[in-house]
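# Chain and residue survey
Here is what each chain is made of, one letter per residue.
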Amino acid sequence: MRSFTFFERVYRAFRDHDQSQLKLVLLCTTVSGGGLLAYGEAVGASEAAVTDKKKVVVLGTARSIVEPVRNIFRKKKVDVEYSEAECVKIDAANRKVYCRSNRSNNSNVKEEFVVDYDYLIIAVGANVNTFNTPGVVENCHFLKEVEDAQKIRRTVIDCFERASLPSLSEEENKRILHFSIVGGGQTGVEFAAALHDFVIEDLVRLYPGIKDLVKITLLPNEMH
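Residues numbered from 1 in each chain as written. Predicted model: local features only at pLDDT ≥ 70, side-chain atom pairs only at ≥ 80, totals over all residues. Heavy atoms only, no water.

### Topic: the nonpolar core
One recurring pattern in soluble globular proteins: nonpolar side chains tend to sit buried together. Counting residues in each nonpolar core, the largest one holds 18 residues, and the members touching the most others are Val156, Phe160, Leu177, Phe179, Leu203 and Ile210. Elements with a contribution of two residues or more to this core: helix 6 (146-163), strand 7 (178-182) and helix 8 (186-206). Top contributing element to this core by residue count: helix 8, with six residues. Excluding anything up to four places from it in sequence, isoleucine 210 contacts Phe160, Ala163, Ser164 and Leu177. In this structure, Val57, Leu59, Ala85 and Cys99 belong to the second largest nonpolar core, which totals seven residues. (Core = buried A, V, L, I, M, F, W, Y, C linked by side-chain atoms within 4.5 Å. Buried < 20%, exposed > 50% of the residue type's maximum accessible area, 1.4 Å probe, protein only. Helix = DSSP H or I, 4+ residues; strand = E, 2+ residues; numbered from the N terminus. Contact = heavy atoms within 4.5 Å.)

### With respect to helix 8
Between its first and last C-alpha atoms helix 8 spans 30 Å; for 21 residues at 1.5 Å apiece the expected length is 30 Å, and the two agree. The largest bend in helix 8 comes to about 35°, at valine 199. Turning to helix 8, the residues buried within the fold contact helix 6, strand 7 and strand 8 (215-219). (Expected span 1.5 Å × (residues − 1). Bend = angle between axes of the 7 residues up to and from the residue.)

### Describing the packing of aromatic side chains
Taken as a whole and assessed by the stated rule, the structure comprises two aromatic pairs. Each ring, one from phenylalanine 160 and one from phenylalanine 179, has its centre 6.3 Å from the other, and the planes form 15°; the classification is stacked. Linking phenylalanine 160 in helix 6 with phenylalanine 179 in strand 7, this pair joins segments that are 19 residues apart in sequence. Take phenylalanine 160 and phenylalanine 179: they sit in the same class, and that class is buried. (Phe/Tyr/Trp six-rings, centres within 6.5 Å; stacked < 30°, edge-to-face > 60°.)

### Comments concerning the pairing of strand 8
Note that strand 7 and strand 8 share five bridges and pair parallel. Within the sheet, the bridge partner assigned to histidine 178 lies in strand 8 and is lysine 215. The handedness of the strand 7 to strand 8 crossover, carried by helix 8, is right-handed. (Pairing = 2+ DSSP bridges. Right-handed = clockwise from strand over helix to strand, strands pointing away.)

### Structural notes on the pattern of salt bridges
Enumeration over the complete set of coordinates arrives at six salt bridges. For aspartate 116, the salt bridge identified is with lysine 96, shortest N-O distance 2.7 Å. Here the residue aspartate 116 occupies a position in strand 5 (residues 110-116), and lysine 96 occupies one in strand 4 (residues 96-104), the gap between them amounting to 20 residues. The residue glutamate 170 makes a salt bridge to lysine 174 at a minimum N-O spacing of 3.7 Å. With glutamate 170 and lysine 174 both in helix 7 (residues 170-176), this residue pair falls four residues apart, about one helical turn. Residue lysine 174 is classed as partly exposed on the basis of its relative accessible area of 37%. (Salt bridge = Lys/Arg side-chain N within 4 Å of Asp/Glu carboxyl O.)

### Overview of helix 6
Since the α-helix turns once every 3.6 residues, residues separated by three or four places project in the same direction. Compared with the 26 Å implied by 1.5 Å per residue over 18 residues, the 26 Å span of helix 6 between its first and last C-alpha is a close match. Buried within helix 6 we find Asp148, Ile152, Val156, Cys159, Phe160 and Ala163. Across the axial projection of helix 6, the buried residues extend over an arc of 110°, all falling on one side. (Arc of directions from axis to C-beta.)

Quick look at the structure:
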């Protein structure tokens with residue numbers, strides 16, 4: 001619901017000003033999150049009074065809603081362009097944003113392009129906080145973006161497939177099917193419950209022989 005509010009505020013800002021004088025460009029970056037607090041400051045009434053059409057570039061849209069973002073703006077009568085890419089450099093003097101696509105082509109070369117702007121809004125959020133917990137970066141899946149959730153789902157299923165092999169001992173299967181969640185806050189607790197439901201309601205039907213070996217552990221993090 002928070003991410004949807006982001007777009008509601010974008011649309012409201014465009015609706016309240018002369019749309020013929022503004023053009024919005026959204027760049028979804030690899031770092032998610034962020035808000036729209038700077039939007040009202042960047043496009044105020046005095047700026048909206050100019051005669052030339054201005055281009056507003058927003059870095060960041062909350063990656064968890066990348067898939068429906070085009071559909072949201074398609075239904076609004078505003079001039080919007082959207083690019084799924086990452087910002088690699090900002091040239092403030094010349095008002096240019098250098099971007100790189102996060103999709104590789106057949107030659108594994110990522111496309112690069114430059115976006116000009118009149119107003120630049122940086123709302124890319126923040127990186128995941130590991131609270132200096134040893135081993136988290138090297139061994140854990142994070143839970144912040146769509147790709148993170150997909151990786152976790154694939155990893156869980158891979159663990160069940162591996163535990164189904166006849167060559168492994170019961171002790172080894174217990175180790176493979178032991179899922180640890182680092183972080184005892186709201187997100188950690190909710191994910192532990194969601195993982196439990198996924199295992200009990202879906203996976204045990206496909207892997208009935210190993211359902212009693214599954215263990216989920218919630219580890220509260222410590223602030224340093």
